[in-house]
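Chains, contacts and geometry: an overview
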Amino acid sequence: VQLQASGGGSVQPGGSLRLSCAASGGTFSTYAMGWFRQAPGKEREFVASISWFGGNTYYAPSVKGRFTISRDNAKNTVYLQMNSLKPEDTAGYYCAAGRGRYGSSRAEDFGSWGQGTQVTVSS
């Protein structure tokens, strides 16, 4: 599975961004998808994940209520809508394809990773 993330950029605090991740090379509708992020000098952390059919979603406490993960299996794409962005959301954001059908917060449950897209929140 190959993953291509896009949609990052620079935004002021309180702003919004929508990340996209297009998948190819596999049967997209059969596996979970997730988003992780990594800031300079920090470890990679879980952001959100979604099950293969989109019925189950999971969020890190730090983003719950502000971020929404969704997927369009017809377009082989997963999205991350980010609202009310904060400076601490600044990081490289990576999409990942799950090894199974259901979402997870553990990086080891994801087998393929995209190249990342940078999000910078600053005034």
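Attention in this report is confined to the structure presented alongside it. (Residues numbered from 1 in each chain as written. Predicted model: local features only at pLDDT ≥ 70, side-chain atom pairs only at ≥ 80, totals over all residues. Heavy atoms only, no water.)

**Some words on the pairing of strand S7 (residues 67-72)**
Rule in force here: Each residue is assigned to one of three classes by its accessible area relative to the maximum for its type, calculated with a 1.4 Å probe on protein chains only: buried under 20%, partly exposed between the two thresholds, exposed over 50%. The numbering of helices and of strands both runs from the N terminus, where a helix is a DSSP run of H or I of at least 4 residues and a strand a run of E of at least 2. Strand pairing is assigned whenever DSSP identifies at least 2 bridges connecting the two strands.
Only one face of S7 is covered, namely the one carrying Phe67, Ile69 and Arg71; the face carrying Thr68, Ser70 and Asp72 has none of its residues buried. Of the pairings in the sheet, the one linking S7 to strand S8 (residues 77-82) comprises six bridges and is antiparallel in character. Its bridge partner lying in S8, Ile69 is registered against Leu80. Taking the residues that link successive antiparallel strands as the turn, the S7-S8 hairpin has four residues, and the phi of Asn76 there is positive, at about 55°.

**Describing the sheet that holds strand S1 (residues 2-6)**
Rules: For helices, the axis comes from a line fit to the C-alpha atoms of the stretch in contact; other axes are also lines fit to C-alpha atoms, and the angle between any two N-to-C directions lies between 0 and 180 degrees.
Reading across from one edge, S1-S3-S8-S7 is the order of the four strands in this open sheet, with antiparallel pairing throughout. Lying at the two open borders of the sheet, with one neighbouring strand each, are S1 and S7. Taken pair by pair, the neighbouring strands of this sheet meet at an average axis angle of 15°, ignoring direction.

**Considering the side chain of Arg66**
Counted only if it meets this: Pairs of residues are marked as contacts when any of their non-hydrogen atoms sit within 4.5 Å.
Tracing the backbone shows Arg66 in the loop between strand S6 (57-59) and S7. Setting aside anything within four residues of it in sequence, one finds Arg66 in contact with Gln81, Met82, Asn83, Ser84, Leu85, Lys86 and Asp89.

**What to know about the pattern of salt bridges**
As a reminder, the rule being used: Salt bridges are identified by distance alone: a Lys or Arg side-chain nitrogen within 4 Å of an Asp or Glu carboxyl oxygen.
As enumerated under the stated definition, the model contains five salt bridges in all. Each of Arg37, Glu45, Arg66 and Asp89 takes part in a single network of salt bridges with overlapping partners.

**As for the state of the cysteines**
The criterion, for reference: Note on terminology: disulfide denotes any pair of cysteine sulfur atoms within 2.5 Å.
Enumeration according to the criterion identifies one disulfide in this entry. With a sulfur-sulfur separation of 2.1 Å, Cys21 is cross-linked through a disulfide to Cys95. Taking the sign of the S-S torsion, about 60° here, the bridge from Cys21 to Cys95 comes out right-handed. Here Cys95 lies in strand S9 (residues 91-98) and Cys21 lies in strand S3 (residues 17-24), a separation of 74 residues in the sequence. As far as burial versus exposure is concerned, Cys21 and Cys95 are alike and both buried.

**A word on the packing of aromatic side chains**
As a reminder of what qualifies: Centre distance within 6.5 Å is the pairing criterion for rings of Phe, Tyr and Trp, where only the six-membered ring of Trp is used; planes under 30 degrees apart are then read as stacked, over 60 as edge-to-face, and the remainder as tilted.
The tally for this structure, following the rule as stated, stands at six aromatic pairs. Between the aromatic rings of Phe36 and Phe46, the centroid separation amounts to 5.6 Å while the plane-to-plane angle is 70°, which identifies the pairing as edge-to-face. With a gap of ten residues between them, Phe36 in strand S4 (residues 33-38) and Phe46 in strand S5 (residues 45-50) connect regions that are remote in the sequence. The same class applies to Phe36 and to Phe46, which are both buried.

**Examining the environment of Cys95**
According to the relative accessible area criterion, Cys95 is buried, its value standing at 0%. Sequence-wise, Cys95 and Gly54 are 41 residues apart; in three dimensions their C-alpha atoms are separated by 15 Å. In this structure, Cys95 is in contact with Leu3, Ala5, Cys21, Gly34, Trp35, Ser112, Trp113 and Gly114, ignoring residues within four places of it in sequence.

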